[in-house]
Amino acid sequence: MTQYQVVTGTEAVLRDGTIKLHGPAGFEGMRRAGRLAAEILDALVPHVQPGVSTQHLDDLVRQMTLDGGAVPATLGYRGYTHSCCISINHVVCHGIPSDKVLKDGDIVNIDVTPLLDGWHGDTSRMYLVGDVPLKARRLVDVTHECLMLGIEAASRPGARLGDIGAAIQAHAERQRYGVVREFCGHGLGRLFHDAPEVVHAGRAGTGPELKPGMFFTIEPMINLGKPGVKVLEDGWTAVTRDRSLSAQFEHSIGITETGVEIFTKSPRGLDKPPY
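Everything numeric here is computed off the predicted structure, so don't read it as measured data.

Undergrad: Can you walk me through the overall build of the protein chain in this structure?
TA: Of the regular secondary structure elements, the protein chain holds four helices and 19 strands. For the protein chain, the C-alpha radius of gyration of 17 Å lies close to 19 Å, the compact-globule estimate for 275 residues. In terms of overall dimensions, the protein chain has a C-alpha envelope of 50 × 45 × 35 Å along the principal axes. Classification of the 275 residues of the protein chain by burial places 55% in the buried group. For the protein chain, contacts bridging at least 24 residues in sequence account for 69% of all contacts bridging at least 6. Roughly 11700 Å² of accessible area belongs to the protein chain as shown, and the carbon and sulfur atoms make up 52% of that amount. Side chains of the protein chain carry 28 positive and 32 negative charges; the gap between the two charge centres is 5 Å.

Undergrad: Would you explain helix α2 (residues 54-67) in this entry?
TA: Count 3.6 residues to each turn of an α-helix, and residues three or four apart come out pointing the same way. Here α2 spans 20 Å end to end across 14 residues, near enough to the 20 Å set by a 1.5 Å rise per residue. Along α2, the positions that sit buried rather than exposed are Thr-54, Leu-57, Asp-58, Val-61 and Thr-65. Buried residues along α2 cover an arc of 100° about the axis, so they all sit on one side. In the segment just after α2, Gly-69 is the residue with positive phi, at about 85°.

Undergrad: Just checking my understanding: could you explain the environment of Ile-255 for this structure?
TA: The residue Ile-255 is located in strand β18 (residues 251-255) in this model. When the C-alpha atoms of Ile-255 and Glu-145 are compared, they prove to be 20 Å apart, with 110 residues separating the residues in sequence. For Ile-255, the contacting residues outside a window of four places in its chain are Phe-27, Ala-154, Leu-210, Lys-211, Pro-212, Gly-213, Met-214, Phe-216 and Val-260.

Undergrad: Please explain the pairing of strand β4 (residues 85-88) as it appears in this structure.
TA: Across a regular strand the side chains alternate sides, sitting on one face of the sheet and then on the other. Neither face of β4 is exposed, since Cys-85 and Ser-87 on one face and Ile-86 and Ile-88 on the opposite face are all buried. Alignment of β4 against strand β6 (residues 107-112), held across four bridges, turns out to be antiparallel. Among the inter-strand pairings, Ile-86 is bridged to a residue of β6, identified as Ile-110.

Undergrad: What should I look at first to understand the sheet that holds strand β9 (residues 123-128) in this one?
TA: Working definition: the strands of a sheet are paired by backbone hydrogen bonds and lie parallel or antiparallel to each other. An order of β4-β6-β9 is seen for the three strands of this open sheet, with the pairing classed as antiparallel. What marks the edges here is a single partner per strand, and that holds for β4 and β9. Direction aside, neighbouring strands of the sheet carry axes that sit 20° apart on average. In this fold helix α1 (residues 24-44) packs onto β6 and β9, with an angle of close to 10° to the strand it touches most, β9. Sitting on the sheet, α2 is in contact with β4 and β6, with an inclination near 150° to β4.

Reading the values: the criteria
Think of each chain on its own: its residues are numbered from 1, step by step along the sequence as written. Given that the model is predicted, a residue must reach a pLDDT of at least 70 before its local features are reported, and side-chain atom pairs must reach 80 or more before they are shown or counted; all residues, however, enter totals for whole chains, interfaces and linings. Based on all heavy atoms of the structure, the side-chain values leave hydrogens and waters out of the count. Numbered from the N terminus, helices here are DSSP runs of H or I no shorter than four residues, and strands are runs of E no shorter than two. Radius of gyration means the value over C-alpha atoms here, while the globule rule gives 2.2 Å times the residue count to the 0.38 power. Accessible area is worked out with a 1.4 Å probe on protein chains only. A residue is then buried under 20% of its type maximum, exposed over 50%, and partly exposed in between. Contact between two residues is taken to exist if any of their heavy atoms lie within 4.5 Å; hydrogens are not considered. Only the protein chains shown count as covering a residue, and every accessible area follows the Shrake-Rupley method with a 1.4 Å probe. Residues scored as positive are Lys and Arg, those scored as negative are Asp and Glu, and His as well as the terminal groups of each chain are ignored. Working definition for charges: the position is that of NZ of Lys, CZ of Arg, CG of Asp or CD of Glu. Expected helix span is computed as 1.5 Å times (number of residues minus one). Picture the helix axis, draw a direction to every C-beta atom, and the arc is the one those directions span. In short, DSSP must find at least two bridges between two strands for them to pair. Here an axis means a line fitted to C-alpha atoms, over the contact stretch when the element is a helix, while the angle between two N-to-C directions is reported on a 0 to 180 degree scale.

Below, the structure written as structure tokens:
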């Protein structure tokens, strides 16, 4: 049976399997952290160009995070040594920044999580590098549609967790795309990763009830080919098994009395390309 825990303020919380229900202080903290995360992704737009290294983008993310009064939550997380994840083309998620340079036609996901005053603003966005082929642009468009359909499903009265995955899976598979199961969305707030797990495929009407005060990410990973992925020897980088392109978008949201609040929406309206 699903257990919920009411969190009234900024008290310490544990990763104990309970779904946290936050009050006004939590919503305010997540708004500030989410806005900073979105502003960082907005500011990267002119820098995501052919010839730019992913390490340079990571350096920009780190500096912008620090300038915003936060720290990158990924820096030192389980031994990770970078300030964001940058995943190119067939990399599904957790791509490690390096001296690798972007090329014309690449599609790129950048995933940032500033930790601001104890709250995590977790979001990712796709970028198109130069002249991107139509099939890749279509994958990016559909992946963003999947994210927004998942958020719409979460906003309905009486919604359950399975409704989110069912909406995403139905839309992706209508396009004959594969929906990644090995990685999922997650609860967050004062913890980076917490209950519940938000799987991006499933059956409507199943899973825990979505209650006001729940915070979690929705972050569908959609493959142009089959859904299978594998993790490389570095222990982080996940790639498609069939080398097909993959795309991802992520928002952090809060369930309210009347629907959903998106904490990581772009202040400049740059939630999806073209920018």
